[in-house]
Amino acid sequence: VWVVVNNAGTKLEIVGTPNQDNPLMKGVKDEIKFPILGLDVWEHAYYLKYQNRRPEYVSNWWNVVNWDKVSENCAYVVKNHAGVPVEG
């Protein structure tokens, strides 16, 4: 699940993508969208700690979201109409 900014930089949306696809990939959605926050809900992301308790995993995930970084990501996308660069 992704929180994205549309290509024009004017609208936030929540979108899901199949498999390991992401909103930056052409053909996944109607238009390329720029993710500012993502939540991996595939079983491999949580099974070792939460087994089949996905709701508990998602609930605890909210406790570790860095909202300052999400805000920074959003501002970058709106200003540049481009995805946030990945360092490392």
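Residues numbered from 1 in each chain as written. Predicted model: local features only at pLDDT ≥ 70, side-chain atom pairs only at ≥ 80, totals over all residues. Heavy atoms only, no water.

### Notes on the overall build of the chain
Rules: Helix numbers and strand numbers start at the N terminus; a helix is a DSSP run of H or I with at least 4 residues, a strand a run of E with at least 2. Note on contacts: a residue pair qualifies if any of its non-hydrogen atoms lie within 4.5 Å across the two residues. Methods summary: accessible areas were calculated by the Shrake-Rupley approach with a probe of 1.4 Å, and residue burial reflects only the protein chains presented. Residues scored as positive are Lys and Arg, those scored as negative are Asp and Glu, and His as well as the terminal groups of each chain are ignored. One atom stands in for each charge, and that atom is NZ of Lys, CZ of Arg, CG of Asp or CD of Glu.
The helix and strand inventory of the chain stands at 3 helices and 3 strands. Sequence-ordered secondary structure for the chain, helices as α and strands as β, is β-β-β-α-α-α. With respect to the three principal axes, the spread of C-alpha positions in the chain is 40 × 30 × 25 Å. Within the chain, residue pairs in contact and separated by at least 24 positions form 42% of the contacts whose partners lie at least 6 positions apart. Summing over all exposed atoms, the chain offers an accessible surface of approximately 6300 Å²; the carbon and sulfur share of this is 54%. Looking at the chain, you have 9 positive and 10 negative side-chain charges, and the mean spots of the two groups are 2 Å apart.

### So, the nonpolar core
Under the convention used in this document: Remark: nonpolar core denotes a set of buried residues (Ala, Val, Leu, Ile, Met, Phe, Trp, Tyr, Cys) joined through side-chain atoms within 4.5 Å. Relative accessibility decides the category of a residue: with a 1.4 Å probe and only protein chains considered, values under 20% of the type maximum give buried, values over 50% give exposed, and everything between is partly exposed.
Listed in full, the 12 residues of the largest apolar core are V5, F34, I36, L37, L39, Y46, Y50, Y57, W61, V65, V70 and V77. Contributing elements (two or more residues each) for this core: strand 3 (34–38), helix 2 (54–61) and helix 3 (67–80). A per-element tally of this core places strand 3 first, with 3 residues.

### Thoughts on the pattern of salt bridges
For clarity, the threshold we go by: By definition here, a salt bridge exists when the distance from a side-chain nitrogen of Lys or Arg to a carboxyl oxygen of Asp or Glu is within 4 Å.
Enumeration over the complete set of coordinates arrives at 4 salt bridges. A salt bridge links R53 to E56; its shortest N-O distance comes to 2.6 Å. Note on R53: relative accessible area 33%, which makes it partly exposed. The shortest N-O distance in the salt bridge between E72 and K69 comes to 3.0 Å. One end of the pair, E72, and the other, K69, are both in helix 3, 3 residues apart, so they sit about a helical turn from each other.

Such coordinate-based values are descriptive only and should not be taken to indicate function.
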